[in-house]
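Each chain, letter by letter, is given below.
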Amino acid sequence: MIELEVMQDASEVIHYDSPDISYAVQERLLSNFANMRALCHWHDDIELLYIFDGEMYYDVNGHKYLLQKGDTIFINSRQLHYGYDNRRQECEFMVILIHPELFKASNHLYRRFVYPVLHYATDVVIIPQSDPSGPKLSELFYRVRLCHQIQESCHEFRLLGFFHEIWSLIYKCCDIEEHIASGCENPDIQTQKQMVSYIYKHYQEHITLTDIAAAGMVSRSKCCKIFQKYLSQSPVSFLNDYRLEISCNLLSDTAFSITQIATSCGFNHLSYYSKMFLQRYGCTPNVFRKIHQPGN
């Protein structure tokens, strides 16, 4: 099972393929994520995602998109996003994460074709397989997949070439002029980041709805509306989901007792923790531990 690593400000910890080159190529199955749902997060890197097979929903800043086989989605830097499928259908996909600094080999090209997209373009671009650029993007993602799997000599150089080709197609789909006047971040998104950050930082403590709302400097009702709009769940539900996800790591990687894990994740009662765990993962914490600990 894949667990996203996030900082206390809700930004994802990106593990690049090489410490010297800021990109990561990740092949994923949606079933690798608990409950077929990734953790809501953001990062400075731009994200390019391609669907090899199946379909899933992708939420970007509260807007939901259905991605199907052959579709490509571009998520701009620092946008709240996550993938999921409540129907629990499998999806095979690739994620390419690229730090914008990687495109700075030519300052002229960066200022002309990268900077405007990062600061003025839309939060997200979806290019379906039926789009004129769809077949070319499919070809490029399959070439990235093969190159990344084989990793022949100088494969990093070839991958950078593919990334630039993909970016050229993405750029054509970004209407810079249309978005030039709307470069400021939606204040509700910033508020959402602050509240999610508070939960990630204080999940071990006794947290109330009032505490979460105060972190975003909004009322309780506004807090609930923002969570429902951008994460499709209540603040308390999101808090419990995150606590459960942290507990999964502890069950898999430590020898702490179930009671110790429940308490350290902010659950005051073992029975409530076990009930919530069973509802989310379909098994008890003890059974989960037996399945996921090394050697089992």
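Residues numbered from 1 in each chain as written. Predicted model: local features only at pLDDT ≥ 70, side-chain atom pairs only at ≥ 80, totals over all residues. Heavy atoms only, no water.

## Details of the packing of helix α8 (residues 235-253) against helix α10 (residues 270-281)
For any two helices packed against each other, one specifies the inter-axial angle together with the distance between the axes. Interhelical geometry of α8 versus α10 gives an angle of 90 degrees and a closest axis separation of 11 Å. On the basis of their axis angle, the class for α8 and α10 is roughly perpendicular. Residues Asn240, Asp241, Leu244, Glu245, Ser247, Cys248 and Leu251 of α8 lie in contact with α10, whose contacting residues are Tyr272, Tyr273, Met276, Phe277, Arg280 and Tyr281. (Axes fitted to C-alpha atoms, helices over the stretch in contact; angles between N-to-C directions. Helix = DSSP H or I, 4+ residues; strand = E, 2+ residues; numbered from the N terminus. Parallel < 35°, antiparallel > 145°, perpendicular 65-115°, else oblique. Contact = heavy atoms within 4.5 Å.)

## Some points on the packing of aromatic side chains
Tallying each qualifying case throughout the model produces 20 aromatic pairs. Ring geometry for Phe52 versus Tyr142: centroids 4.9 Å apart, planes at 70 degrees, classification edge-to-face. Here Phe52, found in strand β2 (residues 46-60), pairs with Tyr142, found in helix α2 (residues 134-150); they are 90 residues apart in sequence, far enough to count as distant. For Tyr142, a relative accessible area of 39% gives the class partly exposed. Ring geometry for Tyr82 and Tyr84: centres 5.6 Å apart, planes at 35 degrees, overall tilted. Accessibility classification places Tyr82 together with Tyr84 in one group, the buried group. Connected via pairs of aromatic rings, a cluster forms that spans Phe267, Tyr272, Tyr273, Phe277, Tyr281 and Phe288. Sitting over the ring of Phe52, Arg145 keeps its end group 3.9 Å from the ring centre. Its end group placed over the ring of Trp42, Lys193 keeps NZ or CZ at 4.6 Å from the ring centre. (Phe/Tyr/Trp six-rings, centres within 6.5 Å; stacked < 30°, edge-to-face > 60°. Buried < 20%, exposed > 50% of the residue type's maximum accessible area, 1.4 Å probe, protein only. Lys NZ or Arg CZ within 6 Å of the ring centre and 35° of its normal.)

## Quick look at the nonpolar core
With 41 residues, the main nonpolar core has Ile199, Phe227, Phe238, Tyr273 and Phe277 as its most contacted residues. Looking at this core, the elements that each hand over two or more residues are β5 (81-84), α5 (187-202), α6 (209-215), α7 (220-231), α8, α9 (258-264) and α10. In terms of residue count, α8 provides more of this core than any other element does, eight residues in total. Setting aside anything within four residues of it in sequence, one finds Phe277 in contact with Leu244, Ser247, Cys248, Leu251, Gly282, Cys283, Thr284, Pro285 and Phe288. Counting residues in hydrophobic clusters, the runner-up holds 32 residues, among them Phe103, Ile127, Leu140 and Phe162. (Core = buried A, V, L, I, M, F, W, Y, C linked by side-chain atoms within 4.5 Å.)

## What to know about α5
Note that an α-helix has 3.6 residues per turn; residues three or four places apart therefore point the same way. The end-to-end C-alpha distance of α5, which contains 16 residues, comes to 23 Å, matching closely the 22 Å that a straight helix rising 1.5 Å per residue would cover. All of the buried residues in α5 are Asp188, Ile189, Thr191, Gln192, Lys193, Met195, Val196, Ser197, Ile199, Tyr200 and His202. Residues of α5 that are buried in the fold lie against α6, α7 and α8. (Expected span 1.5 Å × (residues − 1).)

## Focus: the side chain of Ser252
Locating Ser252 in the fold gives a position in helix α8. Its relative accessible area of 13% is what places Ser252 among the buried residues. A polar side-chain atom of Ser252 sits 3.0 Å from the main-chain carbonyl oxygen of Cys248. Here Ser252 is in contact with Phe288, His292, Gln293 and Pro294, once residues within four sequence places are set aside. (Polar contact = N/O pair within 3.5 Å; in protein donor to acceptor, adjacent residues only side chain to side chain.)

## Comments concerning empty space enclosed by the protein
For the structure on display, the rule yields two cavities of 30 Å³ or more. One number sums up the size of the largest cavity: a volume of about 80 Å³. Surrounding the largest cavity, Arg37, Ala38, Leu39, Cys40, Tyr82, Gln233, Phe238, Asp241, Tyr242, Glu245 and Arg280 form its lining. Per-element accounting of the lining of the largest cavity gives the leading share, four residues, to α8. Its residues assigned to classes, the lining of the largest cavity shows six nonpolar, one polar and four charged. (1 Å grid on protein atoms, 1.4 Å probe; cavity = no way out; pocket = protein on both sides within 12 Å on 5 of 7 lines; lining within 4 Å. Points joined across faces, edges and corners; volume = space filled by probe spheres on them. Nonpolar A, V, L, I, M, F, W, Y, C, P; charged D, E, K, R; others polar.)

## Digging into the packing of α8 against helix α11 (residues 285-292)
Closest axis-to-axis distance for the α8/α11 pair is 8 Å, and the angle between their directions is 55 degrees. With respect to their mutual orientation, α8 and α11 come out oblique. Judged by the twist between their axes, the crossing of α8 over α11 is right-handed. In contact with Cys248, Leu250, Leu251 and Ser252 of α8, α11 contributes Pro285, Phe288, Arg289 and His292. Across the contact of α8 with α11, the residue classes break down as five nonpolar, two polar and one charged. (Left-handed = near helix turned anticlockwise from the far one by under 90°.)

## Looking at the pattern of salt bridges
What the rule picks out here adds up to 12 salt bridges. Among the salt bridges present, the one from Arg145 reaches Glu27, with a minimum N-O distance of 3.0 Å. Taken as a pair, Arg145 in helix α2 and Glu27 in strand β1 (residues 23-29) lie far apart in primary sequence, 118 residues in all. Residue Glu27 is classed as partly exposed on the basis of its relative accessible area of 29%. The partner of Arg78 in a salt bridge is Asp44, with the nearest N and O atoms 2.5 Å apart. With Arg78 in the loop between β4 (72-75) and β5 and Asp44 in the loop between β1 and β2, this pair connects stretches of sequence that are 34 residues apart. Overlapping salt bridges, with partners in common, bring together Lys136, Glu139, Arg143 and Glu165 in one network. (Salt bridge = Lys/Arg side-chain N within 4 Å of Asp/Glu carboxyl O.)

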